[in-house]
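Read off the chains here:
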Amino acid sequence: MTDNSTDNIADEDSSELLMAPSTGSDPVFPAIATDRFTQPVLLYTSPSGMMELYEACRYGKRYILKAIRKEFREDAVAQMMLRKEFEIGITLDHPNIRRTIGFESLDGLGNVIVMEYVDGETLGEAMERGHVNGLNARTVAFQLAEALEYLHARQTVHRDLKPANIMVTYSGPTVKLIDFSLSDSETFVVVKTPAGTRRYVAPEQLLPGARPSVKADIYSYGLVVQELAAVGNDRELREFGRRCAMLDPDRRPDRLVSQGLPRQGDYRERLPWYHLESPVLTAVLGFVAIALAIFIGLSYMN
């Protein structure tokens, strides 16, 4: 989000320009009848990049619009990057990847990518709020692994895998991998230089002449999985995350789902060990055991 006043003005201008009267005859729900995007709301402006996100409605359904910031709309590289992201996204069809729907030109926003609206929060937010825990951390890790394997099978790498680029729906939870602005595939020659968020970038990507690679995505995945394991208190998941984030790329798994990722299992199967590994519950059980031993000892003495 941003507090920049020019962004707020741009948001108001866009709302006015994108609002359109109904083309239908329904006097009660005119906004539902129109094929124009209505009620756009600025959701996010990249502080260092060239893009911004809007939420808008069409036929009563919500969508996400990715647009170029006003000051960069005439920039050829920005336009090329937006088009590249669309062309990668439109080829992807997986339940754990946010769906790309179309590419349109709108008054007030210029060219935009039309994307699926995800009713949820980022994985980072979900972990902070306690919505990801020992009962569903493996589910999140498994769905994210499936999304990545699908992506890699299509010779595409994400290049910016991190909790902020992973959505978790409020119901489910269901994982949705988002933001392909830095993604790359064999068919493109744009942005072949190292990219991503420093904390999650594989170390070999910082070396001279580095090229995008599947193993770099797996490194980032390993760091995310270790964070999931920490909030879920899951030793097996933590170990798998450690293997994925090995400094030597050759020691990382080639695949995720079939090379050691702990199975999801039924929540009821995981309840006993999850609770027994809880430090608080372990302390309570230890206290009860000591108290019981003292009570039994005193009973024998009497």
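Conventions and cut-offs
- Residues numbered from 1 in each chain as written.
- Predicted model: local features only at pLDDT ≥ 70, side-chain atom pairs only at ≥ 80, totals over all residues.
- Heavy atoms only, no water.
- Helix = DSSP H or I, 4+ residues; strand = E, 2+ residues; numbered from the N terminus.
- Buried < 20%, exposed > 50% of the residue type's maximum accessible area, 1.4 Å probe, protein only.
- Contact = heavy atoms within 4.5 Å.
- Areas by Shrake-Rupley, 256 points an atom, 1.4 Å probe, with all protein chains shown as cover.
- Pairing = 2+ DSSP bridges.
- Axes fitted to C-alpha atoms, helices over the stretch in contact; angles between N-to-C directions.
- 1 Å grid on protein atoms, 1.4 Å probe; cavity = no way out; pocket = protein on both sides within 12 Å on 5 of 7 lines; lining within 4 Å.
- Points joined across faces, edges and corners; volume = space filled by probe spheres on them.
- Phe/Tyr/Trp six-rings, centres within 6.5 Å; stacked < 30°, edge-to-face > 60°.

Q: Please provide a residue-by-residue account of the overall build of the chain, values included.
A: Check the secondary structure of the chain and you find nine helices and ten strands. Residues counted as buried form 46% of the 302 residues belonging to the chain. Long-range pairs, those at least 24 residues apart, make up 58% of the contacts in the chain between residues at least 6 apart in sequence. When the accessible surface of the chain is totalled, it reaches about 16,000 Å², and 56% of it is carbon and sulfur.

Q: I'd like to hear about the sheet that holds strand E1 (residues 38-45), residue by residue, with values.
A: Spatially, five strands are ordered E1-E2-E3-E5-E4 in an open sheet, and the strand pairing comes out antiparallel. Strands with a single pairing partner mark the edges of an open sheet, and in this sheet they are E1 and strand E4 (100-106). Averaged over all pairs of adjacent strands, the angle between their axes in this sheet comes to 30°, without regard to strand direction.

Q: Which residues make up empty space enclosed by the protein, and what values do they have?
A: Taken as a whole, this structure holds two cavities of 30 Å³ or more when the rule is applied. Together, Glu85, Gly89, Arg98, Thr100, Met115, Leu177, Ile178, Asp179 and Phe180 line the second largest cavity.

Q: Pulling in residues and values, what's your account of the packing of aromatic side chains?
A: In the structure shown here, the tally under the stated rule is two aromatic pairs. On the basis of an interplanar angle of 50° and a centroid distance of 5.3 Å, the ring pair of Phe86 and Phe103 is categorised as tilted. Of this pair, Phe86 sits in helix H3 (residues 76-89) while Phe103 sits in strand E4; the two residues are 17 residues apart in sequence, bridging distant segments of the chain. Taking the relative accessible area as the measure of exposure, Phe103 reaches 22% and is therefore partly exposed.

Q: Talk me through the sheet that holds strand E6 (residues 120-122); I want residue IDs and the actual numbers.
A: The strand order across the open sheet built from three strands is E6-E8-E9, with neighbouring strands paired in antiparallel fashion. Each edge of the sheet is formed by a strand with only one pairing partner; in this case those strands are E6 and strand E9 (175-177). Geometrically, the sheet is characterised by an average inter-axis angle of 30° between neighbouring strands, direction not taken into account. Relative to the sheet, helix H5 (residues 137-153) contacts strand E8 (166-169) and E9, its axis offset from that of E9 by approximately 35°.

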